[in-house]
Amino acid sequence: MDHERILLAETHEGMRAAQKKLFEQEGHTVVADTGTLRGVKQIVDDPTIEFRVAVVSGHLPDVGDGEKAAELIRATRPETIIISNSGVMHQTFGDVNLYKGDPSDLLLEAIKNA
């Protein structure tokens, strides 16, 4: 299993902490996390922060900010695999698109297959 370096963009602090713990238990490293679109911009603008996978919520914190974050990541780090993990069903801004109501195994599987 590859151990990925992950950017985690999730508005809800409790959800962000739970996802970070889940990813790290699976051997992945969350190299940066944020709850805002501005935070994503700061992370991608920092060349010392290296990641290959980004897990992005649809709201950061506003509706549509997740899609904007994905566009920003693609523009600055085109090699990154983006997994949208939104509370809104049928989001399509990621390379893989999941719903927060899906089992966490699907999210881990998406990271494994990235």
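Residues numbered from 1 in each chain as written. Predicted model: local features only at pLDDT ≥ 70, side-chain atom pairs only at ≥ 80, totals over all residues. Heavy atoms only, no water.

Chemist: How would you sum up the pairing of strand β2 (residues 29-34)? Please name residues and give values.
Modeler: For a regular strand, side-chain orientation follows a simple rule: the groups alternate between the two sheet faces. Here strand β1 (residues 5-9) pairs with β2 via five bridges, running parallel. The residue of β2 that forms the bridge with Ala9 is Thr34. Assessed by its sense of winding, the connection that carries the chain from β1 through helix α1 (residues 13-25) to β2 is right-handed. (Pairing = 2+ DSSP bridges. Helix = DSSP H or I, 4+ residues; strand = E, 2+ residues; numbered from the N terminus. Right-handed = clockwise from strand over helix to strand, strands pointing away.)

Chemist: Please provide a residue-by-residue account of the pattern of salt bridges, values included.
Modeler: Taken as a whole and judged by the stated rule, the model has seven salt bridges. For Lys20, the salt bridge goes to Asp33, with nearest N and O atoms at 3.7 Å. Note that Lys20 is positioned in helix α1 and Asp33 in strand β2, a separation of 13 residues in sequence. The partner of Asp95 in a salt bridge is Arg74, and the shortest N-O contact between them spans 3.5 Å. Residue Asp95 is found in the loop between β4 (81-86) and β5 (96-99), and its partner Arg74 is found in helix α3 (residues 65-76); the two are separated by 21 residues along the sequence. Overall, Arg74 belongs to the partly exposed group, its relative accessible area being 33%. (Salt bridge = Lys/Arg side-chain N within 4 Å of Asp/Glu carboxyl O. Buried < 20%, exposed > 50% of the residue type's maximum accessible area, 1.4 Å probe, protein only.)

Chemist: Tell me about helix α2 (residues 37-44), residues and numbers included.
Modeler: Residues that lie three or four places apart on an α-helix share one face, since the helix turns once every 3.6 residues. Within α2, burial applies to Gly39, Val40, Ile43 and Val44. The arc enclosing the buried residues of α2, seen along the axis, measures out at 130 degrees, which places them on a common side. Set apart from the buried face of α2 by more than 90 degrees, the exposed residues are Arg38 and Gln42. Packing partners of the buried residues in α2 comprise β1, β2 and α3. (Arc of directions from axis to C-beta. Contact = heavy atoms within 4.5 Å.)

Chemist: How would you explain the environment of Thr11 if you had to name every residue and give the values?
Modeler: Note that Thr11 resides in the loop between β1 and α1. Thr11 sits 23 residues away from Thr34 along the chain, and the two C-alpha atoms are 7.2 Å apart. When residues no more than four places from it in sequence are discounted, the contact partners of Thr11 are Arg16, Gly35, Ser57, His59, Leu60 and Pro61. Within polar-contact distance, the side chain of Thr11 engages the backbone oxygen of His59 at 2.2 Å. (Polar contact = N/O pair within 3.5 Å; in protein donor to acceptor, adjacent residues only side chain to side chain.)

Chemist: A description of the side chain of Thr80 should follow, citing residues and the corresponding values.
Modeler: Of note, Thr80 is situated in the loop between α3 and β4. Classification of Thr80 as buried rests on a relative accessible area of 4%. Ignoring anything within four residues of it in the chain, the contact list for Thr80 reads Phe51, Arg52, Val53, Ala54, Ile73 and Asp95.

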